[in-house]
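Listed below are the residues making up each chain.
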Amino acid sequence: MQNPALTFLTSQIGKDAQKSPSPLMRWLNPTLLTVAEGALSMRFEVRPEWLNPMQQLHGGIVAAIMDDAIGATVFSLGESHFFATVSNQIDYFGRAGLGETIEARTEIIKRGRQLIHAQCTLWNADGSRMLAKGSSNLLKTELQK
């Protein structure tokens, strides 16, 4: 069976997120690097409005990146219903500054009929240092796509 969501995402590899159905993703504007059903990676450049008072990547932006990247990963499954985040848990390990490139890598850990458990890791540009690791539970909604 054809998965139109995965087909769309595959067509976006190497491009920015201006065609994303998510307004937040369009604002974050990453470049999609890889995608498969239930996993993806994307690259972001840290912008001035993403910084905290210490001039480092704000933890709230990390949470937004992870939540939206996991959302795109759930989208890749081609489910007929929307899923809503019911929990996020994030551990912060490192920092990134203005202009640095960071990479989000996601995967679905458990896919049930009603609940999906996914994780996202955030890395520095060369992949040598994990900046954060998060996991989310998403619940199937009554809303259909």
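Above this note sits the structure.
Scope of this entry: the structure provided in the associated data block. (Residues numbered from 1 in each chain as written. Predicted model: local features only at pLDDT ≥ 70, side-chain atom pairs only at ≥ 80, totals over all residues. Heavy atoms only, no water.)

What to know about the overall build of the chain
Stated precisely, the cut-off is as follows: Under the scheme used here, helices are H or I runs from DSSP no shorter than 4 residues and strands are E runs no shorter than 2 residues, and both carry numbers assigned from the N terminus. Restricting the calculation to C-alpha atoms gives the radius of gyration, and the globule rule supplies 2.2 Å times the number of residues raised to the power 0.38. In this scheme, a residue with accessible area under 20% of its type's maximum is buried, one over 50% is exposed, and one in between is partly exposed, where area comes from a 1.4 Å probe on protein chains only. Residue contacts are counted whenever heavy atoms from the two residues lie within 4.5 Å of one another. Note on areas: Shrake-Rupley with a 1.4 Å probe; residue coverage comes only from the protein chains shown.
The secondary structure content of the chain amounts to three helices and six strands. Computed over C-alpha atoms, the radius of gyration of the chain comes to 15 Å, within 12% of the 15 Å expected from 2.2 N^0.38 for 145 residues, which places it in the range of a compact globule. In terms of its C-alpha atoms, the chain occupies a principal-axis envelope of roughly 45 × 30 × 25 Å. When burial is assessed residue by residue, the chain has 41% of its 145 residues classed as buried. Pairs at least 24 residues apart make up 61% of the contacts formed inside the chain by residues separated by at least 6 positions. When the accessible surface of the chain is split by element, carbon and sulfur atoms take 54% of a total near 7900 Å².

Notes on helix α3 (residues 59–75)
What counts here: Helix span, expected: 1.5 Å multiplied by one less than the number of residues in the helix.
For α3, spanning 17 residues, the distance from its first C-alpha to its last is 24 Å, which sits close to the expected 24 Å at 1.5 Å a residue. Within α3 the residues assigned to the buried category are I61, V62, A64, I65, M66, D68, A69, I70, A72, T73 and V74.

Remarks on the sheet that holds strand β5 (residues 115–124)
Note the following rule: The rule for pairing is simple: two strands pair if DSSP sees at least two bridges between them. Where helices are involved, their axes are fitted lines through C-alpha atoms of the stretch in contact, as for all axes, and angles between N-to-C directions lie from 0 to 180°.
The strand order β1-β2-β4-β5-β6-β3 describes an open sheet built from six strands, whose pairing is antiparallel. Among the strands making up the open sheet, the edge pair consists of β1 (31–36) and β3 (81–92). For this sheet, the mean inter-axis angle between neighbouring strands, taken without regard to orientation, is 20 degrees. Here strand β4 (residues 101–111) runs beside β5; their pairing, made up of nine bridges, is antiparallel. The residue bridging T106 from the neighbouring strand is C120, located in β5. Where α3 meets the sheet, its contacts fall on β2 (39–45), β3, β4, β5 and β6 (130–144), and the angle it forms with β5 comes to roughly 130 degrees.

What to know about the packing of aromatic side chains
Put simply, the test is: Under the pairing criterion, centres of Phe, Tyr and Trp rings, with the six-membered ring standing for Trp, must be within 6.5 Å; the plane angle then separates stacked pairs below 30 degrees from edge-to-face pairs above 60, leaving the rest tilted. By definition here, charges over rings are those cases where NZ of Lys or CZ of Arg is within 6 Å of the ring centre and within 35 degrees of the ring normal.
Scanning all chains against the criterion turns up two aromatic pairs. Arranged with centres 6.2 Å apart and planes meeting at 50 degrees, the rings of W27 and W50 form a pair that is tilted. Note that W27 is positioned in helix α2 (residues 23–28) and W50 in the loop between β2 and α3, a separation of 23 residues in sequence. Among the residues examined, W50 registers a relative accessible area of 0% and is labelled buried. Among the aromatic residues, those joined into a cluster by ring pairs are W27, F44 and W50. Its guanidinium or amino end placed over the ring of W27, R47 lies 4.9 Å from that ring's centre, counting from NZ or CZ. Across from the ring centre of F82, 5.7 Å away, lies the NZ or CZ of K145, which sits over that ring.

Here's the deal with the side chain of E103
We count it as follows: In the analysis that follows, any N or O atom pair within 3.5 Å is treated as a polar contact, provided that within protein one partner can donate a hydrogen and the other can accept it, and provided that, for residues neighboring in sequence, both atoms belong to side chains.
Within the secondary structure layout, E103 lies in strand β4. Owing to a relative accessible area of 17%, E103 belongs among the buried residues under this scheme. Separated by 3.0 Å, the side chains of E103 and R105 make a polar contact.

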